[in-house]
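Examination of the molecular architecture
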Amino acid sequence: MAPDDSGKLLFPIGQCIGAYHDFPASTDHFTQVRVGADIHQLDDEQFAIWGLAHGAADRPVDEPWTRRSVLTAARAMGVRQGNKVLAGLISDHLLAETTPGTNASVDFARQHRLVPSMLGLGNTAEEPWIFSVGLLGMPIVQLSAAAYDLYEWAHLDPNLWVACQGAAATARKVGIEESLVTDPGEMLQALLSTLHVMLSPNAAYLDSRV
Amino acid sequence: MGPFHPTLGGPPKHHIVRVGWNTPKLQDEAHFDIWALAHGLPAEMSTEPWTRQALIDAADDAEKPGAATILDNLVELGLVVEVARGSDRAREFANSYCVRSLLMGLGNTREDPARDGIGIAGLPPILKVRPRVFEIWQWAHLWPTIWSACEGIALVTNPVEGSGAEHASPESVLDFMLDAFRDLISHGAIYLDLQTTTRRANTSD
């Protein structure tokens, strides 16, 4: 397994379906996560690590959210053997690591879809360059125009790389020259570098490709 | 997709809604208000069929004039659809539209194991629903159309007792789904979208 300081970001895969208690007042329970058509049953320690992989709301935007970040947070929560639990989740494809800007990150994008869980709330007269996502009357995440575009459209495509290519082609067609939105590689790198901003409040999730 | 302000300090040009690959525009706040109202009022979804007249009455109660004309415009834009349960139109509707799920599953609790919550992590559920309704939130969005979701869900749903059938019929699932949509849509747990054809993955190479 790659060393933690390799620059890889850690991402959770799947949609949270929620807790499952079988009987009234029973302490037996697990939490379900759906990836594609498969349901995974996570125990409390697995769910804690999977949840932490979404990022932390109070994390500085420019702080990379890595395996080390998650394990540090897990230790603070009292999760035992976090390293082993995390490795198991990677093996089950419920967590994935990639480094933005690499060929491997394009493969990562080809394997996954970005699916929104909240509403697009548009921009404002005060800051028309910032777009919000959240619930009606309750903005939760603020995004750049390029990230907002992918937030709104990427889930219609079979995978995230096709979405970046489609968005870049559209930008070129309307005469935009900024490479951040006309080059799918640059667009993907910028998205992945800040993706935890969407993932930490569960404004979006990564699913397997169609 | 919210209001679009093209310039600093300027008014919104319009509200944008994504429907499939298109983006019809809501020209003013009045159109946005009626479109929002068409999602339903959560408190009334279990008692009142959300029809054109119910919506116009609710708009009158909220002192929003011109609802009937605006509603015609929204139908024309493809932003509102009228469907009657059990009709041919319902089947056509189910073949043309798909479900998109929002929010996250919170599951059930020890105190209330019979209902599943949907909402935001760390907050009380926005709504709690029976397992058959939760199933729609959980699975229906994986199918390309509402009708194909009905066919898939019918295969794992028990039939009406005494019917002699091995599975529930897709038609009965569609009837159930149309009822369940009202609660799910009014709480913002799902929305309906036009069925789309995705760009082909091999264009990425």
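Residues numbered from 1 in each chain as written. Chains lettered and ligands numbered in written order. Predicted model: local features only at pLDDT ≥ 70, side-chain atom pairs only at ≥ 80, totals over all residues. Heavy atoms only, no water.

All names here are of chain B. Counting residues in hydrophobic clusters, the biggest one holds 94 residues, and the most contacted among them are Ile-146, Met-177 and Leu-184. In terms of residues, this core owes the most to one element, helix H7 (residues 170-186), which gives nine residues. Leaving out residues up to four positions away in the same chain, Leu-184 has contacts with Ile-118, Leu-127, Val-133, Ile-136, Trp-137, Ala-189 and Ile-190. Counting residues in hydrophobic clusters, the runner-up holds 20 residues, among them Ile-34, Leu-55, Leu-71 and Leu-79. (Core = buried A, V, L, I, M, F, W, Y, C linked by side-chain atoms within 4.5 Å. Buried < 20%, exposed > 50% of the residue type's maximum accessible area, 1.4 Å probe, protein only. Helix = DSSP H or I, 4+ residues; strand = E, 2+ residues; numbered from the N terminus. Contact = heavy atoms within 4.5 Å.)

This part takes up the packing of aromatic side chains. A ring pair, where both rings are aromatic, is described by two values, the distance of the centres and the angle of the planes. Residues and elements named next belong to chain B. This structure, assessed with the given rule, holds eight aromatic pairs over all chains. A cation over an aromatic ring shows up here: Arg-91 above the ring of Trp-147, its NZ or CZ 3.8 Å from the ring centre. Directly above the ring of Phe-176 sits Arg-132, whose terminal nitrogen or CZ lies 3.9 Å from the centroid. (Phe/Tyr/Trp six-rings, centres within 6.5 Å; stacked < 30°, edge-to-face > 60°. Lys NZ or Arg CZ within 6 Å of the ring centre and 35° of its normal.)

This part takes up the sheet that holds strand S7 (residues 119-122) of chain A. For sheets, the rule is that strands pair by backbone hydrogen bonds, running either parallel or antiparallel. All names here are of chain A. Strands sit in the order S7-S8-S9 across an open sheet of three strands; the sheet is antiparallel. Lying at the two open borders of the sheet, with one neighbouring strand each, are S7 and strand S9 (138-143). Mean inter-strand twist for the sheet, computed between neighbouring axes without regard to direction, equals 40°. As judged from the three bridges shared by S7 and strand S8 (residues 131-135), these two strands associate in the antiparallel manner. (Pairing = 2+ DSSP bridges. Axes fitted to C-alpha atoms, helices over the stretch in contact; angles between N-to-C directions.)

Consecutive side chains along a regular strand alternate between the two faces of the sheet. All names here are of chain A. Of the pairings in the sheet, the one linking S8 to S9 comprises five bridges and is antiparallel in character. Bridging from a neighbouring strand, Phe-131 pairs with Leu-143 of S9. Hairpin connection between S8 and S9: a loop of two residues separates the two successive antiparallel strands, and Gly-137 in this loop has a positive phi of roughly 80°.

Here we come to H7(B). Residue and element names in this part refer to chain B. Taking 1.5 Å of rise per residue, the 17 residues of H7 would be expected to cover 24 Å, and the 24 Å separating its terminal C-alpha atoms lies within 8% of that figure. Among all positions in H7, only Pro-170, Val-173, Leu-174, Phe-176, Met-177, Leu-178, Ala-180, Phe-181, Leu-184, Ile-185 and Ser-186 are buried. Just beyond H7, the residue with positive phi is Gly-188, at close to 75°. (Expected span 1.5 Å × (residues − 1).)

Bringing the domain arrangement of chain B into the picture now. Residue and element names in this part refer to chain B. Segmenting chain B into domains produces domain 1 (2-77) and domain 2 (88-194). Here domain 1 and domain 2 have C-alpha centroids that lie 24 Å from each other. Contact residues are listed per partner, giving eleven residues for domain 1 and nine residues for domain 2. Ranking the residues of domain 1 by area buried against domain 2 places Arg-18, His-39 and Met-45 at the top, with a combined share of 54%. Where domain 1 touches domain 2, the interface holds one salt bridge. With a closest N to O distance of 2.8 Å, Arg-18 and Asp-193 form a salt bridge. Linking domain 1 with domain 2 are four residue pairs in polar contact (both at pLDDT 80 or more), by the criterion used here. (Domains from an automatic or database assignment. Buried area = accessible area lost by both parts, 1.4 Å probe. Salt bridge = Lys/Arg side-chain N within 4 Å of Asp/Glu carboxyl O. Polar contact = N/O pair within 3.5 Å; in protein donor to acceptor, adjacent residues only side chain to side chain.)

The antiparallel open sheet is built from three strands, whose spatial order is S1-S2-S3 (chain B). Among the strands making up the open sheet, the edge pair consists of strand S1 (2-4) and strand S3 (25-26) of chain B.

For the rest of this paragraph, the subject is the pattern of salt bridges. Where charged atoms from two side chains of opposite charge come close, those side chains can pair. Applying the stated criterion across every chain yields a total of 14 salt bridges over all chains. Connected through salt bridges with shared partners, the residues B:Arg18, B:Arg100 and B:Asp193 form a single ionic network.

Below, the discussion takes up the interface of chain B and chain A. Accessible area lost upon the coming together of the parts is a frequently used measure of interface size. Counting residues at the interface gives 46 residues for chain B, matched by 49 residues for chain A. Both faces combined, the contact of chain B with chain A buries some 3600 Å², and carbon together with sulfur accounts for 60% of it. Applying the counting rule to chain B against chain A returns zero salt bridges. Put simply, chain B and chain A have 13 residue pairs in polar contact (both at pLDDT 80 or more) between them. At the level of secondary structure, the elements contributing two or more residues to the side of chain B that touches chain A comprise S1, strand S4 (97-101), strand S5 (104-107), helix H5 (131-139) and strand S8 (190-194) of chain B. The residue inventory of the side of chain B that touches chain A, partitioned by class, reads 20 nonpolar, 19 polar and seven charged. (Nonpolar A, V, L, I, M, F, W, Y, C, P; charged D, E, K, R; others polar.)

Quick look at the confidence of the model for chain B now. The predicted model of chain B averages 90 in pLDDT, with 95% of residues at 70 or higher. For this predicted complex, the interface score ipTM comes out at 0.91, alongside a pTM of 0.93. (pLDDT = per-residue confidence, 0-100.)

All names here are of chain B. The N-to-C vectors of helix H4 (residues 88-96) and H7 enclose an angle of 80°; their axes lie 11 Å apart at closest approach. What the angle tells us is that H4 and H7 run roughly perpendicular. From H4, Ala-90, Arg-91, Phe-93 and Ala-94 reach across to H7, where they touch Glu-171, Leu-174 and Leu-178. For the contact of H4 with H7, the class distribution of residues is five nonpolar, no polar and two charged. (Parallel < 35°, antiparallel > 145°, perpendicular 65-115°, else oblique.)

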